[in-house]
Amino acid sequence: MRVGLVGDSQGVGLRSGLDGALARRGHQLAAAAVQTGATLRVLAGKAAAMPEGLDLLVIVSGGGNDGTSVTSPARWLADVRALAAAAQGRGPRAVVWVGPMPAREGLAAAGYKLAARAGLRAALAGTGVRWLDGFPLAEGVSPRADGLHFDAAGYRTMAERLAPLLLEPPAPSTGVLALAGVSGLVGLGALAWAFTRPRR
């Protein structure tokens, strides 16, 4: 399987470990476009430039950096869907979106990550993009002093957890759209709260 990776700083951290974790399972990280601080719009540009015909295109932590650059939930939602469409437009067999990792660097940032987690899951329902929650990947892994990123050993642990999840067949989607109606209200409501918090 040929895998592509698009991501922000969490993608930067995961890239090397994911390359090795996939190789040990007989697969290849064929292309990667990762950038610290990348917003949804930046990632959409990177996704649009990925090679065509990958078996799997993985988006890591898309939406995690938009709390200080996007002015409304509606704009954020449009940017989420634009990134999903850009990834699908390259013709991979599947697209997987790994959600933001948990934040421990302050109430406003942590609240935004929780809101983005809920909003992303709802926004992606029905798009054909598979959602993977990023929070469990970091369970038990101690962050660096910034409360957000991890050391090389931590990212290797997370990559070993992520690789088999990427290679699993998608679960049946029964009930997802019905759930999205409820979770979407919760997620977008939380985002509305997050966008009113003081910016850093």
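Model, not experiment: these values are computed from the prediction.

Criteria and cut-off values
- Residues numbered from 1 in each chain as written.
- Predicted model: local features only at pLDDT ≥ 70, side-chain atom pairs only at ≥ 80, totals over all residues.
- Heavy atoms only, no water.
- Axes fitted to C-alpha atoms, helices over the stretch in contact; angles between N-to-C directions.
- Helix = DSSP H or I, 4+ residues; strand = E, 2+ residues; numbered from the N terminus.
- Parallel < 35°, antiparallel > 145°, perpendicular 65-115°, else oblique.
- Left-handed = near helix turned anticlockwise from the far one by under 90°.
- Contact = heavy atoms within 4.5 Å.
- Nonpolar A, V, L, I, M, F, W, Y, C, P; charged D, E, K, R; others polar.
- Pairing = 2+ DSSP bridges.
- Core = buried A, V, L, I, M, F, W, Y, C linked by side-chain atoms within 4.5 Å.
- Buried < 20%, exposed > 50% of the residue type's maximum accessible area, 1.4 Å probe, protein only.
- Salt bridge = Lys/Arg side-chain N within 4 Å of Asp/Glu carboxyl O.

Another aspect to go through is the packing of helix α2 (residues 40-48) against helix α3 (residues 73-88). Where α2 meets α3, the axes come as close as 8 Å, and the angle between the chain directions of the two elements is 10 degrees. Between α2 and α3, the crossing angle belongs to the class labelled roughly parallel. For the pair α2 and α3, the crossing hand works out as left-handed. Where α2 abuts α3, its residues L40, R41, L43, A44, A47 and A48 lie against R75, W76, D79, V80, A82, L83, A86 and A87. Here the residues of the contact of α2 with α3 are counted per class, giving 11 nonpolar, no polar and three charged.

Here the focus is the sheet that holds strand β4 (residues 94-98). With parallel pairing, the five strands of this open sheet are ordered in space as β2-β1-β3-β4-β5. Both outer strands of the open sheet, β2 (28-34) and β5 (130-132), are each paired with one neighbouring strand and no more. The mean inter-strand angle of the sheet, taken between neighbouring strand axes irrespective of direction, is 20 degrees. Of the pairings in the sheet, the one linking strand β3 (residues 56-60) to β4 comprises five bridges and is parallel in character.

Time to look at the nonpolar core. Residues M50, L57, W76, V80, L83, W97 and L124 are the most contacted members of the largest nonpolar core, which totals 28 residues. No other element matches α3, which puts seven residues into this core. In this view, L57 contacts G4, L5, V6, M50, A87, P92, A94, V95 and V96; residues no more than four positions away in its chain are not counted.

Across all of its chains, the model carries eight salt bridges by this definition. Ionic pairing is found between D79 and R75, a salt bridge with its closest N-O pair at 3.0 Å. Here the residue D79 and the residue R75 both occupy positions in helix α3, the gap between them amounting to four residues, near one helical turn. Accessibility expressed as a relative area gives 6% for D79, which makes it buried. Owing to a relative accessible area of 27%, R75 belongs among the partly exposed residues under this scheme. For R117, the salt bridge identified is with D133, shortest N-O distance 2.5 Å. Here R117 is found in helix α4 (residues 107-124), whereas its partner D133 is found in the loop between β5 and α5 (152-167), with 16 residues between them in sequence. Taken together, the salt bridges that share partners define one network made up of R24, R25 and E160.

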